[in-house]
Amino acid sequence: MPHTPVPWVSRGGLWIAGADGEMVADCVTKFTRGRGLQENEDNARFIVTAVNAHDELLTALEDAVHQLEQCGQGSCQGTVSACRAVIAKATQR
């Protein structure tokens, strides 16, 4: 699924920009429902951290599934199933 290339960065604490410096998103809204500036800045940093780690985490999880499959049937199957579910969610498959 195509998306703005990483790494993403938080600009000014509230704005998120892609590798090309163009704005991807902002965490500023008039509908904050009581969230303050600090929480909005924390949300922007959290989004940037998650996006930038996504590919690496997905690769590590896929590698872990491959290794766990070597266990065969038995105690590893629950873990393999849980990992596959997270991979499907992360890749929207």
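Remember, predicted model here, so these are calculated numbers, not experimental data.

Caption draft 1: Just helix α1 (residues 37-69), in detail. Its 33 residues give α1 an end-to-end C-alpha distance of 46 Å, which sits within 8% of 48 Å, the value for a rise of 1.5 Å per residue. Listing the buried residues of α1 in full gives Asn40, Glu41, Ala44, Val48, Leu58 and Val65. The inward-facing, buried residues of α1 contact β1 (9-11), β2 (15-17) and α2 (77-91).

Caption draft 2: Geometry of the environment of Val51. Within the secondary structure layout, Val51 lies in helix α1. The spatial distance from the C-alpha of Val51 to the C-alpha of Val6 is 7.5 Å, given a sequence separation of 45 residues. Beyond its immediate stretch of four places on either side in the chain, Val51 contacts Val6 and Trp8.

Caption draft 3: Structural context of the confidence of the model for the protein. Overall, the prediction assigns the protein a mean pLDDT of 84, with 88% of residues at 70 or greater. Per-element confidence in the protein ranges from a low mean pLDDT of 82 for α2 to a high of 94 for β2.

Caption draft 4: The arrangement of the sheet that holds strand β3 (residues 23-26) in detail. Ordered by their spatial adjacency, three strands build an open sheet running β1-β2-β3, and the pairing between neighbours is antiparallel. Only two strands of the sheet have a single neighbouring strand rather than two, namely β1 and β3. The sheet shows a mean angle of 35° between the axes of neighbouring strands, taken without regard to direction. Pairing of β1 with β2 involves three bridges; the strand directions are antiparallel. Residue pairing across strands places Ser10 opposite Ile16, the latter belonging to β2.

Caption draft 5: Molecular detail of unusual backbone geometry. Residue Pro7 is reached from Val6 by a cis peptide bond, and omega for that bond is 5°. Relative to the helices and strands, Pro7 is located in the segment before β1.

Parameters at a glance
Residues numbered from 1 in each chain as written. Predicted model: local features only at pLDDT ≥ 70, side-chain atom pairs only at ≥ 80, totals over all residues. Heavy atoms only, no water. Helix = DSSP H or I, 4+ residues; strand = E, 2+ residues; numbered from the N terminus. Expected span 1.5 Å × (residues − 1). Buried < 20%, exposed > 50% of the residue type's maximum accessible area, 1.4 Å probe, protein only. Contact = heavy atoms within 4.5 Å. pLDDT = per-residue confidence, 0-100. Pairing = 2+ DSSP bridges. Axes fitted to C-alpha atoms, helices over the stretch in contact; angles between N-to-C directions.

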